[in-house]
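Coordinate analysis (summary)
Here is how the chains run, residue by residue.
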Amino acid sequence: MASSSKPKRTYDVFLSFRGTDQRNKFVGHLYRALDQNGIYTFRDNEELRKGDQIFPTLMKAIEESCIAIIIFSEDYASSWWCLEEVAKIMECKRRKHLTVLPVFYKVDPREVKTGRESYGESSS
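A brief report on the enclosed structure follows. (Residues numbered from 1 in each chain as written. Predicted model: local features only at pLDDT ≥ 70, side-chain atom pairs only at ≥ 80, totals over all residues. Heavy atoms only, no water.)

Regarding the packing of helix α4 (residues 54-63) against helix α5 (residues 80-96)
The N-to-C vectors of α4 and α5 enclose an angle of 30°; their axes lie 9 Å apart at closest approach. One finds that α4 runs roughly parallel with respect to α5. The hand of the α4/α5 crossing is right-handed. From α4, Ile54, Phe55, Leu58, Met59, Ile62 and Glu63 reach across to α5, where they touch Trp80, Trp81, Glu84, Glu85, Lys88, Ile89, Cys92 and Lys96. Per-class residue counts for the contact of α4 with α5 are nine nonpolar, no polar and five charged. (Axes fitted to C-alpha atoms, helices over the stretch in contact; angles between N-to-C directions. Helix = DSSP H or I, 4+ residues; strand = E, 2+ residues; numbered from the N terminus. Parallel < 35°, antiparallel > 145°, perpendicular 65-115°, else oblique. Left-handed = near helix turned anticlockwise from the far one by under 90°. Contact = heavy atoms within 4.5 Å. Nonpolar A, V, L, I, M, F, W, Y, C, P; charged D, E, K, R; others polar.)

The structure is reproduced here in structure tokens:
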């Protein structure tokens, strides 16, 4: 029997987001809905943040996911971690045919696309 050339996928979905507000609100609801429907989802948690191997763990989870959902929020682009995740997600999109779904949470998609200065700043 010939071996399959498809890469091993550990997660159905990788969630990329910024901040505890998102973790406890929108992302929390999204994660529970995915989980309740049998969709195995990677979401970093507080325990992961305390470990020494955060970066390799996140990169491996992206590589082993079928879909990446990027939740662009007001301060998403201000995080080095988030920007590294997006770079890896886009690399996997090109190389491994990762499906990428953007979600614009309380930000205008045009601001993210054009990189306006107001993106990443909290609104007054």
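Looking at unusual backbone geometry
Even without glycine at this site, His97 takes up a positive phi of about 60°. As for its position among the elements, His97 is in the loop between α5 and β4 (99-104). Under the relative-accessibility criterion, His97 is labelled exposed at 67%. Even without glycine at this site, Lys106 takes up a positive phi of about 60°. (Buried < 20%, exposed > 50% of the residue type's maximum accessible area, 1.4 Å probe, protein only.)

Quick notes on the packing of aromatic side chains
Under the defined criterion, the tally for this structure stands at nine aromatic pairs. The interplanar angle of 65° and the centroid separation of 5.2 Å between the aromatic rings of Phe72 and Tyr76 together place this pair among those described as edge-to-face. Taken as a pair, Phe72 and Tyr76 share a single burial class, namely buried. Through a chain of ring-to-ring contacts, three or more aromatic side chains come together here, namely Tyr11, Phe14, Tyr40 and Phe42. The ring of Tyr31 has Arg43 sitting right over it, with the charged end atom 4.1 Å from the ring centre. (Phe/Tyr/Trp six-rings, centres within 6.5 Å; stacked < 30°, edge-to-face > 60°. Lys NZ or Arg CZ within 6 Å of the ring centre and 35° of its normal.)

Quick word on the sheet that holds strand β1 (residues 11-16)
Here we have four strands laid out as an open sheet, ordered β2-β1-β3-β4, and parallel in their pairing. Of all strands in the sheet, those with a lone pairing partner are β2 (41-42) and β4, marking the two edges. Taken together, the five bridges between β1 and strand β3 (residues 65-72) define a ladder with parallel strand orientation. Its bridge partner being in β3, Tyr11 is matched across the sheet by Ser65. Set on the sheet, helix α2 (residues 26-36) makes contact with β1, β2, β3 and β4; between it and β1 the angle comes to about 175°. Strand contacts of α5: β1, β3 and β4, with the helix running at about 145° to β1, the strand carrying the most contacts. (Pairing = 2+ DSSP bridges.)

So yeah, pure geometry; function would need other evidence.
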